[in-house]
Amino acid sequence: MDAEFFRAWIAEIAAVVQDQRDHLTQLDAAIGDADHGTNLARGFTAVQTALGDASPATPGAVLQLTGRTLISTVGGASGPLYGTAFRRAAKALGDSPGVDLAALAGALAAALDGVRQLGAAGEGEKTMVDALAPAVAAFAKAVGDGADSTTALAALTGAADAGAQATIGMQATKGRASYLGPRSVGHEDPGAASSALILHALRDVAARGPA
Ligand code: ADP
Ligand code: MG
């Protein structure tokens, strides 16, 4: 997977986030402040512009600029969290021109670590961590077992979807939704939902062409 692949991933995220903007905002309306979809749509639109202007040459540079732009354009909790995730992934990839499945697994693990450090949320607190953590673990296991890219990415998205669905039954103890206490139960966490979308975009781009 080269810089072109990672640009295609980010472009796919931007398109999906635009498409799902109202859905994500509705999820946030139920347990937050109804801005998650608009936050991410604004952020990834700015990212697309930045990537178009700068044309970064390596996968790491693509993800670094993505993270930096999200941090500077997305207000709310999710901007710094996703921004940090992309920047940590970038750092893990360094300046290598090509990324194999093992390196991608390392980058995703680094991204999750960044989210955990910044947000201090563990699993079960009804946040994006509940989609990201099982997804990253399932992907690492599949890659470790020697799975091909299609199989490993299916494990990634399957675990992300299950993790996002599982947030419905959780009570939020981090972020804005925690203000609702027990009333946060019964709704899918918007950040878990957007994390699943971001990982689906990765799988879809990989399925489309040579990675
Ligand atoms: P805000 O809550 O500031 O309005 P957004 O609506 O854009 O920001 O994002 C909300 C999402 O951010 C939540 O659904 C949750 O997944 C995620 N989130 C909030 N706080 C944390 C945290 N401490 N750790 C991990 N994720 C968090
Ligand atoms: Mg919000």
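Residues numbered from 1 in each chain as written. Chains lettered and ligands numbered in written order. Predicted model: local features only at pLDDT ≥ 70, side-chain atom pairs only at ≥ 80, totals over all residues. Heavy atoms only, no water.

(A) View of the overall build of the chain. Each helix and strand counted, the chain has nine helices and zero strands in total. Ordered by position from the N terminus, the helices and strands of the chain form the series α-α-α-α-α-α-α-α-α. Computed over C-alpha atoms, the radius of gyration of the chain comes to 16 Å, within 12% of the 17 Å expected from 2.2 N^0.38 for 211 residues, which places it in the range of a compact globule. When its C-alpha atoms are laid out on the principal axes, the chain stretches across 45 × 40 × 30 Å. Expressed as a percentage of its 211 residues, the buried residues of the chain come to 50%. Relative to all contacts within the chain whose residues are 6 or more apart in sequence, the contacts with residues 24 or more apart total 68%. Split by element, the accessible area of the chain, about 8,700 Å² in all, is 54% carbon and sulfur. Side-chain charges in the chain split into 15 positive and 21 negative, and the spacing between the mean points of these groups amounts to 6 Å. (Helix = DSSP H or I, 4+ residues; strand = E, 2+ residues; numbered from the N terminus. Rg over C-alpha atoms; globule rule 2.2 N^0.38 Å. Buried < 20%, exposed > 50% of the residue type's maximum accessible area, 1.4 Å probe, protein only. Contact = heavy atoms within 4.5 Å. Areas by Shrake-Rupley, 256 points an atom, 1.4 Å probe, with all protein chains shown as cover. Lys, Arg positive; Asp, Glu negative; His and termini not counted. Charge placed at Lys NZ, Arg CZ, Asp CG, Glu CD.)

(B) Representation of the environment of G37 within the structure. With respect to the helices and strands, the residue G37 is situated in helix α3 (residues 36–54). According to the relative accessible area criterion, G37 is buried, its value standing at 0%. Residues within four places of G37 in sequence aside, it is in contact with V17, R21, L24 and T25.

(C) Up close: the packing of aromatic side chains. As enumerated under the stated definition, the model contains four aromatic pairs in all. Measuring from centroid to centroid gives 5.4 Å for F5 and F6, while their planes differ by 80 degrees, and the two rings are edge-to-face. You can call F6 buried: its relative accessible area is 0%. An angle of 75 degrees between the planes, with centres 6.3 Å apart, marks the rings of F44 and F86 as edge-to-face. Of the two residues, F44 sits in helix α3 while F86 sits in helix α5 (residues 78–93), which places them 42 residues apart along the sequence. Neither residue differs from the other here; F44 and F86 are each classed as buried. Three or more aromatic residues link up through ring pairs in this structure, and these residues are F5, F6, W9, F44 and F86. (Phe/Tyr/Trp six-rings, centres within 6.5 Å; stacked < 30°, edge-to-face > 60°.)

(D) Up close: the site of ligand 1. In the region of ligand 1, 20 residues are neighbours, and N39, A77, S78, G119 and D189 sit closest. A distance of 3.0 Å separates an oxygen atom of ligand 1 from a polar atom in the side chain of D28. Contact distances for ligand 1 include 2.9 Å between an oxygen atom and a side-chain N or O atom of H36. Across the complex, the protein chains shield 92% of the 570 Å² of accessible surface that ligand 1 would expose by itself. Looking at the shell around ligand 1, the elements that each hand over two or more residues are α3, α5 and α9 (190–208). Among the elements that take part in the shell around ligand 1, α9 stands out by supplying three residues, more than any other. (Near = heavy atom within 4 Å. Polar contact = N/O pair within 3.5 Å; in protein donor to acceptor, adjacent residues only side chain to side chain.)

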